[in-house]
Each structure stands twice: as structure tokens, then as C-alpha cells.
Amino acid sequence: MTVLVTGATGSVGRLVTDHLLAAGVPVRALTRDPAAAALPDGAEVWAGDLLRPHTLTAALHGVERLYLFPVPETARAVVAAAEEAGVRRIVVLSSSSVLDTSGDNHSGEHHRAVERAVAESGVEWTFVRPDEFASNVLWKWAESIRTEGVVRAPYGAAPRVPVHEADVAAVAAAALLEDGHAGQAYLLTGPEAITQSGQVRAIARAVGRPIAFEEITPDQARKDMAAAMPAPVVEMVLRYLADAVVHPPVPLDTVERVTGCPARTFARWVADHAADFAPRPAAEPLARRAARDEEPAA
């Protein structure tokens, strides 16, 4: 059994690759730039781009199972190529945002298009739908923590249930390796609800220095966020936070049910990533880690 991992240099794809290799499964890891991939020994590194489906033809030959990073623009062509090559199981990295069917959710529409392409094919499928990634705090807050020791954000009392990328990868790997997951859509959360201000306190404990939380208005946040993301995504994030204050999210036990291990806490995630919040030498690009990942946060 050979598995093709797309988005293999992303934060989840790398860990999926690790799980498969640990299980003794042949892995083909797809990346746009093999020379810069730095993937683990044992993985066959293949050049390919999901936005150009024809570049996957050789990598798909002889593959039985596929981990699919979500690229809606070409999802149907990629799935068709996978079917033609004989792929029998596809595990999709999706998002909890697909549950919002209002038609006004950019992330939901993005991931739903990929899910539809896979569900309407003839292959066995599993959808992995993480809620907010704990790693989102890197692009939201890491730079201001490193440079100023402060986080400025709206809705400090908004609880979230952030999930560790390692747990997302563990669920995806289980669905690739084991039988019994066909037709399942797994909604994943962390094991606890923690407010935004509580997340900042957890980061401060991990890095061993004070970090201030400064509440700002949604309008101020909208202006700040607009420089880094499209307007529909800004509105989606603000809507999630506002709704969480009124309707706090409930942690789910999906990770433990699928993998047999409890989901990792936010404190565990911060401990794993404490170095990302440390001040860096002026010569080192602050965006180095973010630029390395091929995956956007869900």
C-alpha cells in the first residue's frame, strides 16, 4: 500500500507523513519545491502542484490512498486523476467551517467545494474537519508578542476550543491506515474551551515573561486584520468570536475516539511552540516559519 500525501510540507502534512512512515507504509510526499522540502528520510519526495493537476500523474501511479490538501479550484480534476490512477481511499483535510451553510462563509465554501468533489467520486472517503487551529495564534499574535510583549485583540472573553495540528494529523493518519472510517466526517476540537485572554496567559507562562492583553474594538481589529487577509475572512473571524461570547463552543472527544489518545491541550501546544514567541535576532526574518508552511490555517 502506497500513500500520496499532498501539501506534505504543511504543518499537518508533515506530521501525517511521519505517522505513515512510523507505520512502515511507503509514502510519496508531494511538494512544489522538493529541494527545499526537508522531509523525513524514508519519504519519496515528488514534485507536483495541486493547481496543475497534470503534474500529479506520475506521483499517483501505483498509489492506493491519498491525503488531500484542500485546493478547490482543481479538486475535481485532481480527484478524477486519482480515480483513473486506481486510488481507492481519499482523506481530505477540511474544516469545521463547512457546517456554516449561510453562503457567507469564505472558508466554508472553499472546503465544501473539495468535499463535494470527493464525495461525488467513486472512491472511499473520510473528511477531517478541524475547528480553529491552535497555530492560528502564530499569524495573529506572534509578532507583537516577540517585539512588544503585547496582544491586541477584540473579544478577550470569547472562548475557543483550539486544536493541536498534531491531533489533526493523527486522525488523518488513522483514517488512511485503518478500515472503518469510510464515509465519516470527523469534527475535531481541542479538549478544553479557553478564552482569548486565557490563551495569552498560557503563552506568557510558557515563555516565562509577561504578555499584556489589550482589548480593542471589532472595528479596530477589522482595520488591522485587513492588511493580512481578505475581507470575507476578516468578517468570518470576527463573527466566530462574537458568537463564541454568546454561545460558547463545546469541546468534543473525537480525537480520543478515533486515535485512542486524549486531545492535546492548548498549554501543550504552546509548550511545543514556545520558541516561536521568543524575540529573534534582527537578521532572522520574522515570517520564516509561516513562509515555510504550504498550508493556511483552517
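Structural notes, computed from the coordinates. (Residues numbered from 1 in each chain as written. Predicted model: local features only at pLDDT ≥ 70, side-chain atom pairs only at ≥ 80, totals over all residues. Heavy atoms only, no water.)

## Quick notes on the nonpolar core
In step 1: The biggest cluster of nonpolar side chains holds 53 residues, and the ones touching the most others in it are Val16, Leu68 and Ile90.
In step 2: For this core, the element with the most residues is helix 6 (residues 165-177), which contributes seven residues.
In step 3: Sequence-distant contacts of Ile90, defined by excluding residues within four places in its chain, comprise Leu66, Leu68, Val79, Val118, Val123, Glu124, Trp125 and Thr126.
In step 4: Counting residues in each nonpolar core, the second largest holds 17 residues, with Ala134, Ile194, Ile203 and Ile211 among its members. (Core = buried A, V, L, I, M, F, W, Y, C linked by side-chain atoms within 4.5 Å. Buried < 20%, exposed > 50% of the residue type's maximum accessible area, 1.4 Å probe, protein only. Helix = DSSP H or I, 4+ residues; strand = E, 2+ residues; numbered from the N terminus. Contact = heavy atoms within 4.5 Å.)

## Points about the sheet that holds strand 4 (residues 65-68)
In step 1: Pairing in this open sheet of seven strands is parallel, and the strands run 3-2-1-4-5-6-9 from one edge to the other. Looking at the sheet topology across the chains shown, the edges are occupied by strand 3 (44-47) and strand 9 (184-188). For this sheet, the mean angle separating the axes of adjacent strands, direction not counted, is 20°.
In step 2: Judged from the four bridges that link them, strand 4 and strand 5 (residues 89-93) form a sheet pairing that is parallel. The partner of Arg65 across the bridge, within strand 5, is Arg89.
In step 3: Sheet strands in contact with helix 6 are strand 1 (3-5), strand 4, strand 5, strand 6 (124-130) and strand 9, and its direction is about 170° off that of strand 5. (Pairing = 2+ DSSP bridges. Axes fitted to C-alpha atoms, helices over the stretch in contact; angles between N-to-C directions.)

## Here we look at the pairing of strand 6
Note on strand geometry: in a regular strand, side chains alternate between the two faces of the sheet.
In step 1: In terms of residue burial, strand 6 counts as a mostly covered element, since five of its seven residues are buried.
In step 2: Where strand 5 lies against strand 6, five bridges are found, and the strand directions are parallel. Across the sheet, residue Arg89 finds its bridge partner in strand 6, namely Glu124.
In step 3: The β-α-β motif built from strand 5, the intervening helix 4 (residues 106-119) and the parallel element strand 6 has right-handed crossover chirality.
In step 4: Where strand 6 meets strand 9, five bridges bridge the pair, whose relative direction is parallel. Paired with Pro130 across the strands is Leu188, a residue of strand 9. (Right-handed = clockwise from strand over helix to strand, strands pointing away.)

## A short note on the pairing of strand 2 (residues 27-31)
In step 1: Summarising burial for strand 2: five of the five residues are buried, a large majority.
In step 2: Burial along strand 2 is two-sided: Val27, Ala29 and Thr31 facing one way and Arg28 and Leu30 facing the other are all buried.
In step 3: Here strand 1 runs beside strand 2; their pairing, made up of three bridges, is parallel. If you follow Leu4 over to strand 2, its bridge partner there is Arg28.
In step 4: Chirality of the crossover, the property in question, places the unit of strand 1, helix 1 (residues 11-22) and strand 2 among those that are right-handed.
In step 5: Across four bridges, the pairing between strand 2 and strand 3 is parallel. Each residue of the ladder has a partner; that of Leu30, found in strand 3, is Trp46.

## A few points about the packing of helix 3 (residues 75-85) against helix 4
In step 1: Viewed as axis vectors pointing N to C, helix 3 and helix 4 meet at an angle of 30°, and their least axial separation amounts to 9 Å. When the axes of helix 3 and helix 4 are compared, the pair comes out roughly parallel. Considering the relative orientation of helix 3 and helix 4, their crossing is right-handed. Residue-level inspection shows Ala75, Arg76 and Val79 of helix 3 in contact with helix 4, the latter providing Val114, Arg116, Ala117 and Val118.
In step 2: Looking at the contact of helix 3 with helix 4 residue by residue, the class counts come to five nonpolar, no polar and two charged. (Parallel < 35°, antiparallel > 145°, perpendicular 65-115°, else oblique. Left-handed = near helix turned anticlockwise from the far one by under 90°. Nonpolar A, V, L, I, M, F, W, Y, C, P; charged D, E, K, R; others polar.)

## Observations concerning the pattern of salt bridges
Opposite charge on two side chains makes pairing possible when the charged atoms of those side chains draw close.
In step 1: Scanning the entire structure with this criterion turns up 19 salt bridges.
In step 2: A salt bridge links Asp219 to Arg222; its shortest N-O distance comes to 2.6 Å. Here the residue Asp219 and the residue Arg222 both occupy positions in helix 8 (residues 218-225), the gap between them amounting to three residues, near one helical turn.
In step 3: With relative accessibility at 58%, the residue Asp219 sits in the exposed group.
In step 4: For Arg222, a relative accessible area of 30% gives the class partly exposed.
In step 5: Between Arg257 and Asp253 there is a salt bridge, and its shortest N-O distance comes to 3.0 Å.
In step 6: Where salt bridges share partners, they join Asp131, Glu132, Lys140 and Arg160 into one cluster. (Salt bridge = Lys/Arg side-chain N within 4 Å of Asp/Glu carboxyl O.)

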